[in-house]
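# Residue-level structure breakdown
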Amino acid sequence: MTYLIAGNWKMNGTPASAKALAAGLAAKAKAGSKAEIALCPPAPLLSAVDAAVAGSPIALGAQDCHANEKGAHTGDVSAWLLKALGCRFVIVGHSERRADHGETDAMVKAKAAAALKAGLTPIVCVGETDAQRERGETSAVIATQVAGSLPEGATAANTVMAYEPVWAIGTGKTATTADIAAVHAQIREVFKATAGEAGGLRILYGGSVKGANAAEILATAGVNGALVGGASLDPEDFWKIIQACP
Ligand code: PGA
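As the structure is a prediction and not an experimental result, all values here were calculated from the model. (Residues numbered from 1 in each chain as written. Predicted model: local features only at pLDDT ≥ 70, side-chain atom pairs only at ≥ 80, totals over all residues. Heavy atoms only, no water.)

## Some thoughts on the sheet that holds strand 3 (residues 59-62)
Read around the closed barrel, eight strands run 1-2-3-4-5-6-7-8, paired in parallel fashion. On average, each strand axis in the sheet is tilted by 25° relative to the strand beside it, whichever way the strands run. Pairing of strand 5 (residues 121-126) with strand 6 (residues 160-163), which is carried by four bridges, proceeds in the parallel orientation. Of the residues in strand 6, the one forming a bridge with I123 is V160. Across the face of the sheet, helix 2 (residues 46-53) comes into contact with strand 2 (36-40), strand 3 and strand 4 (87-92) while running at roughly 170° to strand 3. (Pairing = 2+ DSSP bridges. Helix = DSSP H or I, 4+ residues; strand = E, 2+ residues; numbered from the N terminus. Axes fitted to C-alpha atoms, helices over the stretch in contact; angles between N-to-C directions. Contact = heavy atoms within 4.5 Å.)

## Digging into the pattern of salt bridges
On inspection of all chains with the given rule, the structure shows ten salt bridges. In this structure, the salt-bridge partner of E103 is K111, at a minimum N-O distance of 2.8 Å. Accessibility expressed as a relative area gives 6% for E103, which makes it buried. When its relative accessible area of 8% is taken as the criterion, K111 is described as buried. For E137, the salt bridge is made with R135, and the minimal N-O distance between the two is 2.8 Å. (Salt bridge = Lys/Arg side-chain N within 4 Å of Asp/Glu carboxyl O. Buried < 20%, exposed > 50% of the residue type's maximum accessible area, 1.4 Å probe, protein only.)

## As for the site of the ligand
The environment of the ligand is made up of 13 residues, and the closest members are K10, H94, E164, G170 and S208. Between the ligand and N8 there is a distance of 3.5 Å, counted from an oxygen atom to a side-chain nitrogen or oxygen. Between the ligand and H94 there is a distance of 2.6 Å, counted from an oxygen atom to a side-chain nitrogen or oxygen. Summarising the interface, the protein chains cover 95% of the accessible area of the ligand, which totals 280 Å² for the free molecule. Here the ligand occupies the second largest pocket. Broken down by class, the residue content of the shell around the ligand amounts to four nonpolar, seven polar and two charged. (Near = heavy atom within 4 Å. Polar contact = N/O pair within 3.5 Å; in protein donor to acceptor, adjacent residues only side chain to side chain. Areas by Shrake-Rupley, 256 points an atom, 1.4 Å probe, with all protein chains shown as cover. 1 Å grid on protein atoms, 1.4 Å probe; cavity = no way out; pocket = protein on both sides within 12 Å on 5 of 7 lines; lining within 4 Å. Sits in = over half its atoms within 2 Å of the grid points. Nonpolar A, V, L, I, M, F, W, Y, C, P; charged D, E, K, R; others polar.)

## Points about unusual backbone geometry
Generally, phi is negative for residues other than glycine and the peptide bonds are trans, each holding for most cases. Positive phi values are uncommon outside glycine, yet K10 reaches one of about 55°. Summarising the element assignment, K10 is placed in the loop between strand 1 (4-8) and helix 1 (15-30). Unusually for a residue other than glycine, S208 sits at a positive phi of about 60°. Structurally, the position occupied by S208 is in the loop between strand 7 (202-206) and helix 9 (211-218). Residue class for S208 comes out buried when judged on its relative accessible area of 16%.

## Looking at helix 5 (residues 105-118)
Helical geometry: 3.6 residues make up each α-helical turn, so side chains three or four residues apart lie on a common side. Relative to the 20 Å expected for 14 residues at 1.5 Å per residue, helix 5 spans 20 Å between its end C-alpha atoms, a close match to the ideal helical length. Restricting attention to buried positions, one finds in helix 5 the residues D105, V108, K111, A112, A114, A115, L116 and A118. Looking at the buried positions of helix 5, the neighbouring elements they touch are helix 3 (79-84), strand 4, helix 4 (95-100), strand 5 and helix 7 (138-149). G119, located one to two residues past helix 5, shows a positive phi value of around 90°. (Expected span 1.5 Å × (residues − 1).)

## Focus: the nonpolar core
I5, L39, M161, I187, Y205 and L218 are the most contacted members of the largest nonpolar core, which totals 68 residues. Setting aside its immediate chain neighbours within four residues, I187 contacts V126, I142, V146, M161, Y163 and I203. Counting 13 residues, the second largest nonpolar core, distinct from the first, contains A6, F89, I91 and C125. (Core = buried A, V, L, I, M, F, W, Y, C linked by side-chain atoms within 4.5 Å.)

## Some thoughts on the packing of aromatic side chains
Enumeration according to the criterion identifies one aromatic pair in this entry. Note that R133 overlies the ring of W167, its terminal NZ or CZ placed 3.8 Å from the centroid. (Phe/Tyr/Trp six-rings, centres within 6.5 Å; stacked < 30°, edge-to-face > 60°. Lys NZ or Arg CZ within 6 Å of the ring centre and 35° of its normal.)

## Let's talk about the layout of surface pockets
If you add up the space inside the largest pocket, you get close to 580 Å³. Lining of the largest pocket is provided by 20 residues; of these, M11, Q63, D64, R97 and H101 occupy positions nearest its centre. A per-element tally of the lining of the largest pocket places helix 4 first, with three residues. Partitioned by chemical class, the residues of the lining of the largest pocket number eight nonpolar, six polar and six charged. Considering only enclosed or pocket space, the second largest pocket measures out at about 220 Å³ in volume. As for the second largest pocket, its lining consists of 18 residues, and the residues nearest its centre are G170, S208, V209, G229 and G230. Residue composition of the lining of the second largest pocket, grouped by class: five nonpolar, eight polar and five charged. (Points joined across faces, edges and corners; volume = space filled by probe spheres on them.)

## Thoughts on the pairing of strand 3
Judged by which residues are buried, strand 3 turns out to be covered on both faces: A59 and G61 on one side and L60 and A62 on the other are all buried. Note that strand 2 and strand 3 share two bridges and pair parallel. Residue pairing in the sheet places L39 in a bridge with L60 of strand 3. Taken together, strand 2, helix 2 and strand 3 form a β-α-β motif whose crossover is right-handed. In the sheet, strand 3 pairs with strand 4 via three bridges, with the strands oriented parallel. Across the sheet, residue L60 finds its bridge partner in strand 4, namely C87. (Right-handed = clockwise from strand over helix to strand, strands pointing away.)

Spatial relationships are all this shows, so hold off on functional conclusions.
Now the structure itself:
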């Protein structure tokens, strides 16, 4: 299975910095890399990044989409427009969207369904908060989120899952490899129960992945790539993560 390393730039970058970052990575990727690479810039920078990675194997991804194809939804972006702009992936259900915009599993499911209909691969994010973890609710939260966020028609081939413990995002804390392996195994199980099959399903880990810890995390059982926030803005460190894939 080819590893996927996706850079989630979040709300960072300018046209100039995006172009420089993407072009630098594209030049390296053209010479060969150990993983499939996706860059997910803020929506207004998609075209600049698309142009910068043209002719390289780097794929374009977005950070969110609306559940509808078009209409009166001020400020939102449809999966169909993302597809037309050259996207192959779209992140849905990121914990920052769930927290900042009150996105529920049902909303995430509708967004993932739109992504699939538009021909995009959704990267469906799940993960427990610190409080849920402290209360011993991790596996219950993961089961509910995976089952509730997967739309009809999701398969191991057209969907990517991401496990992102909320307490590990942007904090410098990472889950232990034993915890990661256990949650990834559970996600695979729930995916299979919900979608019917999970063979070949890619499950990314996210939460303070950086060059220094990537090799250990990416070698963990059931981990098929990473969703990288902060470190994806540092071209050298992001490249280290890519090259740390087994
Ligand atoms: P981080 O973010 O790598 O900065 O922790 C990961 C994410 O939120 O996707």
